[in-house]
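# Understanding the architecture of this molecule
Single-letter residue listing:
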Amino acid sequence: MHETQPHITLNNNVKMPMIGYGVFRIPPKKTAELVKAAIQTGYRLIDTAAAYRNEAQVGEGLRRSGIDRSELFVTTKLWISDFGYDEALKAFDASRRKLGLDYVDLYLLHWPVPTKFDSTIASYQALEKLLTDGLVRAIGVSNFTPAHLETLIKHTDIIPAVNQIELHPFFSQKQLRETHSKLGIVTQAWSPIGGVMRYSGAHPDPTQNLLQHPTIIRLAEKYDKTPAQVILRWHIEHGIGIIPKSVHPDRIAENIDIMNFSLNAEDMIAVDSLNMDVRGGPDPETFGS
């Protein structure tokens, strides 16, 4: 049984679970049952997006879980085809209806669109209205670089609570994490185990497998944990939120069972040293152009 899950306080004092269950690329027909299973395993944060096309099934899984809505933290995201002030408000309403919720805990811009950043700003201003109206508890962004954050903050009133980014030991994004720390933005990692490096994204490479890296395997043996648990614990030690995804119930349970051990300082440095500064997924500077 997993230990009590940690929370992190966002810049508007909302508490967000540090460990969540992501549903990217989970087929709709499997989503509801897997979301239910994840919640019953102990997850309280569920991360979806309009672009994943499974929001309705996520909502069904939330209801099937039997857990009170107030104990759950639900994130969804605005897709770039719905960018613009009025468009964003309309898209949010569609997402909320699909989820079957009165409110969403965290609403994010899914990507910046550098070639149309005025539209990105207008969309974020719509998120600010949703926050003011009480339809969301926190707002943020995903895949923003330091330059994107600087421009956005210059033209809006509310600093994003979260920036959800590709982050794993092969691509540790230290500069961006430092920017987040200065601005009071929580870092949340998608593809925290580095799966994007080997099976999808801009340059998939089956050989770039963190789970088979000698350093990770050595630490897994040392701590009597799985390689995935070592990697996920590395994130937690750095104060990074994580949303690992799996369609296997045993791995879903494994990914949350990481609170009963800690990596020592030497071992944290060993994992830090795996960074290659190579992105597996799309480049935010060119995405949507």
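Analysis parameters
- Residues numbered from 1 in each chain as written.
- Predicted model: local features only at pLDDT ≥ 70, side-chain atom pairs only at ≥ 80, totals over all residues.
- Heavy atoms only, no water.
- Helix = DSSP H or I, 4+ residues; strand = E, 2+ residues; numbered from the N terminus.
- Rg over C-alpha atoms; globule rule 2.2 N^0.38 Å.
- Buried < 20%, exposed > 50% of the residue type's maximum accessible area, 1.4 Å probe, protein only.
- Contact = heavy atoms within 4.5 Å.
- Areas by Shrake-Rupley, 256 points an atom, 1.4 Å probe, with all protein chains shown as cover.
- Lys, Arg positive; Asp, Glu negative; His and termini not counted.
- Charge placed at Lys NZ, Arg CZ, Asp CG, Glu CD.
- Pairing = 2+ DSSP bridges.
- Axes fitted to C-alpha atoms, helices over the stretch in contact; angles between N-to-C directions.
- Parallel < 35°, antiparallel > 145°, perpendicular 65-115°, else oblique.
- Left-handed = near helix turned anticlockwise from the far one by under 90°.
- Nonpolar A, V, L, I, M, F, W, Y, C, P; charged D, E, K, R; others polar.
- Phe/Tyr/Trp six-rings, centres within 6.5 Å; stacked < 30°, edge-to-face > 60°.
- Lys NZ or Arg CZ within 6 Å of the ring centre and 35° of its normal.
- Salt bridge = Lys/Arg side-chain N within 4 Å of Asp/Glu carboxyl O.
- Core = buried A, V, L, I, M, F, W, Y, C linked by side-chain atoms within 4.5 Å.

Along the protein, the regular secondary structure elements total 11 helices and 10 strands. Computed over its C-alpha atoms, the radius of gyration of the protein comes to 18 Å, within 12% of the 19 Å expected for a compact globule of 289 residues. Across its three principal directions, the C-alpha atoms of the protein cover 55 × 40 × 35 Å. By the burial criterion, 54% of the 289 residues in the protein qualify as buried. Partitioning the contacts of the protein with sequence separation of at least 6, the portion at a separation of at least 24 is 73%. In the structure as shown, the protein presents an accessible area of about 12,500 Å², 50% of it carried by carbon and sulfur atoms. Looking at the protein, you have 30 positive and 33 negative side-chain charges, and the mean spots of the two groups are 4 Å apart.

Spatial ordering of the open sheet is given by 3-4-5-6-7-8-9-10, a layout of 8 strands whose pairing is parallel. Bordering the open sheet on either side are strand 3 (20-22) and strand 10 (241-242), each of which pairs with just one other strand. Sheet topology note: the strand 6 (residues 104-109)/strand 7 (residues 136-142) ladder contains 5 bridges and is parallel. Across the sheet, the residue bridging to L109 is V141, located in strand 7. Across the face of the sheet, helix 6 (residues 174-183) comes into contact with strand 8 (162-166) and strand 9 (186-190) while running at roughly 175° to strand 8.

Below, the discussion takes up unusual backbone geometry. In terms of backbone geometry, most residues other than glycine have negative phi values and most peptide bonds are trans. One non-glycine residue, N143, lies in the positive phi region at around 65°. Mapped onto the fold, N143 is located in the loop between strand 7 and helix 5 (146-155). The backbone phi angle of D224 is positive, close to 55°, even though this residue is not glycine. Structurally, D224 can be placed in the loop between helix 8 (214-223) and helix 9 (227-237). Here D224 falls in the exposed class, since its relative accessible area comes to 71%.

Close contact between helix 8 and helix 11 (residues 265-272) brings their axes to 10 Å; oriented N to C, the two are set at 155°. Relative to helix 11, helix 8 is oriented roughly antiparallel. Here helix 8 runs over helix 11; the crossing is left-handed. In contact with T215, I216, R218, L219, K222 and Y223 of helix 8, helix 11 contributes D267, A270 and V271. Of the residues assigned to the contact of helix 8 with helix 11, the class counts are 5 nonpolar, 1 polar and 3 charged.

Further remarks concern the packing of aromatic side chains. Two aromatic rings, taken as a pair, are described by how far apart their centres are and by the angle between their planes. Enumeration according to the criterion identifies 7 aromatic pairs in this entry. Note on W111 and F287: the rings are 4.0 Å apart at their centroids and 15° apart in plane angle, and the pair reads as stacked. Taken together, the residues W111 in the loop between strand 6 and helix 4 (117-132) and F287 in the segment after helix 11 connect sequence positions 176 residues apart. Assessed through its relative accessible area of 17%, F287 is described here as buried. One residue, R69, lies across the ring of Y103, its end atom 4.0 Å from the ring centre.

Tallied over the full model, the rule gives 10 salt bridges. For E33, the salt bridge is made with R64, and the minimal N-O distance between the two is 2.8 Å. Of this pair, E33 sits in helix 1 (residues 28-41) while R64 sits in helix 2 (residues 55-65), placing them 31 residues apart in sequence. Residue classification places E33 among the partly exposed positions, given a relative accessible area of 42%. Taking the relative accessible area as the measure of exposure, R64 reaches 37% and is therefore partly exposed. One salt bridge connects R137 with D105, and the closest N-O pair in it is separated by 2.8 Å. Pair noted here: R137 is in strand 7 and D105 is in strand 6, with a separation of 32 residues, a long-range link. A relative accessible area of 34% places R137 in the partly exposed class. The structure contains a network of salt bridges with shared partners spanning E33, E60 and R64.

It is worth spelling out the nonpolar core at this point. Counting 84 residues, the largest nonpolar core has M16, Y21 and L62 as the members making the most contacts within it. Once residues within four sequence positions are removed from consideration, Y21 is found in contact with I26, L34, V35, A38, Y43, L45, I46, D47, P244, K245, S246 and I252.

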